[in-house]
Amino acid sequence: MDGKSKMQAEKHLTGTLVLSVFTAVLGFFQYGYSLGVINAPQKVIEAHYGRVLGAVPVVRHGINASRDDGTVTVPIPSTEVWGSSEGTLPPPGGSEDPAVSPHILTMYWSLSVSMFAVGGMVSSFTVGWIGDQLGRVKAMLVVNVLSIAGNLLMGLAKLGPSHILIIAGRAITGLYCGLSSGLVPMYVSEVSPTALRGALGTLHQLAIVTGILISQVLGLDFLLGNDKLWPLLLGLSGVAALLQFFLLLLCPESPRYLYIKLGKVEEAKKCLKRLRGNCDPMKEIAEMEKEKQEAASEKRVSIGQLFSSSKYRQAVIVALMVQISQQFSGINAIFYYSTNIFERAGVGQPVYATIGVGVVNTVFTVISVFLVEKAGRRSLFLAGLMGMLISAVAMTVGLALLSQFSWMSYVSMIAIFLFVIFFEVGPGPIPWFIVAELFSQGPRPAAIAVAGFCNWACNFIVGMCFQYIADLCGPYVFVVFAVLLLVFFLFAYLKVPETKGKSFEEIAAAFRRKKLPAKSMTELEDLRGGEEA
C-alpha cells in the first residue's frame, strides 16, 4: 500500500466501520468455535452417551501407534471437525469386540460431528434470498436466533436425551453458520472502502482461528472439557451470538444494498457518512450508480443463470476453485497428524503442542491482515499454495523415514508449522472474501450462496473420507495433497485475477480480457468508444 493509499485507508477507518466489521465477524468466530469445540470433550461426551444409551463407550486414543496388544489406534483431530470419528480398530484379521466398540455410539458420535456441516450445506443456498429480502444487518439479526437456539439445546443436553439434543443443536448451529458464512462477507465487502477491503476481509479467517483456539483451550480437562462442564463448553458460543445480536442494533445497513437494491439514496448517503466519517460520499455514490445501472441492465441473476450464462462462467469457476482449494489443501490432515508427530518427537504433553499450532495459526492470520493489501490477493494465494506444497513434500519425507531416522520427527514438526503459516498467508483467508469481490451487485448473492455451499460440501467430504484415505495411504497421504496443491497452484496462476484495489467493474473487465482474444477485445473497446461518442 503506497503512502497515498495508506492515508486514505486511515482516513476511512472510523469507529463505526470498526464496530460494524467486528460485529459481523463474530459470526465467523462462532463458526470457528463450533468447528473446534466438539473434539476436545469427545471421550467425556461418548461416556455420557454410553450411560444414557446403556452401551459401553468406544476406547479412543490420541496417537497413531500400535499398542502392546496389537490394537491399532488413530489420532483424534484437534482443531478441525471430522464427519466421522474413528476409534480403536481391531487387530488385522481379528474380530471386533462389540462390548468395546458398539456401533450405536459410533453412529451417534458421527452424527454429532457431521450434522454441523449438513446444516451449513442446507442453509447456504438461502443466503442470497435472505440477504436481499431483509437487508444485510436485519438478516444477520434474524439468523442469530438459530445460533442462540442451537447453543441452548447443547447447553441443556444433560437435562434430556443428550445425544438427540446435541445432534439437533449442532444441526441448528450449522444452519446459522451456513447463513452467516455468506452474509458476513457480503456485508463486510459492501461497507469496506476499496483501500481496506482486503485487510478487513481477512478478519473472517482471523475470527475462525480465534474461535478454534479458544475452543481448544477451554476444552482442556481442568477447564470445561470434563464430565461436569462439557454442556457449558458446547453452548458457550451462544454468548457471542447474544453479543452480536445487540451490537448489530448499532450497525448501519450496507450503503450498497440501500442504494442499489432499494434505491434509497439519502439513507445510503447517511450510512456512508457514518461509516466514512467526514469524507465526501459522492465518489462512492457515483460508483454505486454505475454498478446499479449495470445491475439493472443484467437483471436479477439466479443460481441457474449464474451457471448457464457465459458472462459469469470464468468468475464462477474461480469462485468454486478457491473454496475447493481451501478445504482440499490438506490443512485438516495437518491438524489430524499433529498430536501424533509431537508425541513421537518426545513432547510430554502433545495436546499443548497442538494448541501451539493453533496459536501460530492465529498469529499468522493477524499478519495476513497487513500482508493482503500490500502484496495483493493473487500473489499471497499463489505463495501460500506453493509453500504448502513444499511443506507437504517435507511432511511426507519426514513421516516415511521416521522409523529409520528419529530426527525426521523434527522435520515433520517444522513442516507442520510451515504448512499452517502458508495456509494462513493465502488459502485460509482469501477465499472468504474474494468471491464477494469477483461479482457485481446483481450476481453477488447467488455467487456467495454457491461458493458457500461448495465450501461446506467440501468440508463434509473431507470429514467423511479423510480417515479412509489416511488408513489406505499411511504417511504417504500427503502425496495426495501435494498433487492437489500443485493443481490448485497451476489453476490460480492461470485463472485467478488480482482484485487488490480494483472496483467490481475493473475485475469484470479483467475476466473479459482473459476470455476474449486481443483482436476481439480491441474491437469491443472501439465499439464502446463509438457508443460513448
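Residues numbered from 1 in each chain as written. Predicted model: local features only at pLDDT ≥ 70, side-chain atom pairs only at ≥ 80, totals over all residues. Heavy atoms only, no water.

An unreviewed UniProt entry lists the protein chain under the name GTR2 protein, from Odontophorus gujanensis. Under the Sequence similarities (unreviewed entry) heading, UniProt states for the protein chain: "Belongs to the major facilitator superfamily. Sugar transporter (TC 2.A.1.1) family." (UniProt positions renumbered as here; feature names shortened; annotations may be inferred.)

The next thing to look at is the overall build of the protein chain. Tallying secondary structure elements over the protein chain gives 25 helices and zero strands in all. Looking at the protein chain as a whole, 57% of its 533 residues are labelled buried. With the model as given, the accessible surface of the protein chain reaches about 21,500 Å², and the carbon-plus-sulfur share is 68%. (Helix = DSSP H or I, 4+ residues; strand = E, 2+ residues; numbered from the N terminus. Buried < 20%, exposed > 50% of the residue type's maximum accessible area, 1.4 Å probe, protein only. Areas by Shrake-Rupley, 256 points an atom, 1.4 Å probe, with all protein chains shown as cover.)

Turning next to a nonpolar patch on the surface. Taken together, the side chains of Val 52, Leu 53, Ile 104, Met 107 and Leu 111 define a hydrophobic patch exposed on the protein surface, amounting to about 350 Å² of accessible area. Contributions of two or more residues to the nonpolar patch are made by α3 (42-53) and α4 (103-124). Counting residues per element, the nonpolar patch draws most heavily on α4, at three residues. On the secondary structure map, Val 52 appears in helix α3. (Patch = residues over 30% accessible without salt bridge, like charges linked within 9 Å, V, L, I, M, F, W, Y side chains within 5 Å. Salt bridge = Lys/Arg side-chain N within 4 Å of Asp/Glu carboxyl O.)

Under the criterion given, the structure shown has seven salt bridges. Lys 261 serves as the salt-bridge partner of Asp 132, at 3.8 Å between the closest nitrogen and oxygen. Of the two residues, Asp 132 is situated in helix α5 (residues 127-134) and Lys 261 in helix α12 (residues 255-261); the sequence distance between them amounts to 129 residues. Given a relative accessible area of 11%, Asp 132 falls into the buried group. One salt bridge connects Arg 136 with Glu 190, and the closest N-O pair in it is separated by 2.9 Å. Of this pair, Arg 136 sits in helix α6 (residues 136-155) while Glu 190 sits in helix α7 (residues 162-191), and the two are 54 residues apart along the sequence. In this structure Arg 136 comes out as buried when scored by relative accessible area, which is 1%. Residues joined in a network through salt bridges with shared partners are Asp 132, Arg 136, Glu 190 and Lys 261.

This part covers the confidence of the model for the protein chain. Looking at the protein chain as a whole, the pLDDT averages 77, with 78% of positions reaching at least 70. A low-confidence stretch, residues 57-101 (pLDDT under 50), is modelled with 126 contacts involving residues beyond four sequence positions or located in other chains. Throughout residues 516-533 the model reports pLDDT below 50, and contacts reaching past four residues in sequence, or to other chains, amount to five contacts. (pLDDT = per-residue confidence, 0-100. Contact = heavy atoms within 4.5 Å.)

Here we come to the side chain of Gln 326. Along the polypeptide, Gln 326 turns up in helix α16 (residues 313-327). Engagement of the side chain of Gln 326 in a polar contact is seen with the side chain of Asn 455, the distance being 2.7 Å. Dropping the residues within four chain positions of it, Gln 326 is found in contact with Gln 205, Ile 331, Phe 423, Pro 427, Gly 428, Pro 431, Trp 432 and Asn 455. (Polar contact = N/O pair within 3.5 Å; in protein donor to acceptor, adjacent residues only side chain to side chain.)

Here we come to the nonpolar core. Membership of the largest hydrophobic core comes to 99 residues, with the highest contact counts inside it found for Tyr 31, Leu 306, Val 435 and Phe 439. Taken together, domain 1 (14-55 + 100-251) and domain 2 (301-501) each give at least three residues to this core, which thus spans both. Dropping the residues within four chain positions of it, Leu 306 is found in contact with Val 301, Tyr 312, Val 316, Phe 439, Pro 443, Ala 446, Ala 447 and Val 450. Grouped together as the second largest cluster of nonpolar side chains are 19 residues, Tyr 49, Met 154, Ala 157 and Leu 234 included. (Core = buried A, V, L, I, M, F, W, Y, C linked by side-chain atoms within 4.5 Å. Domains from an automatic or database assignment.)

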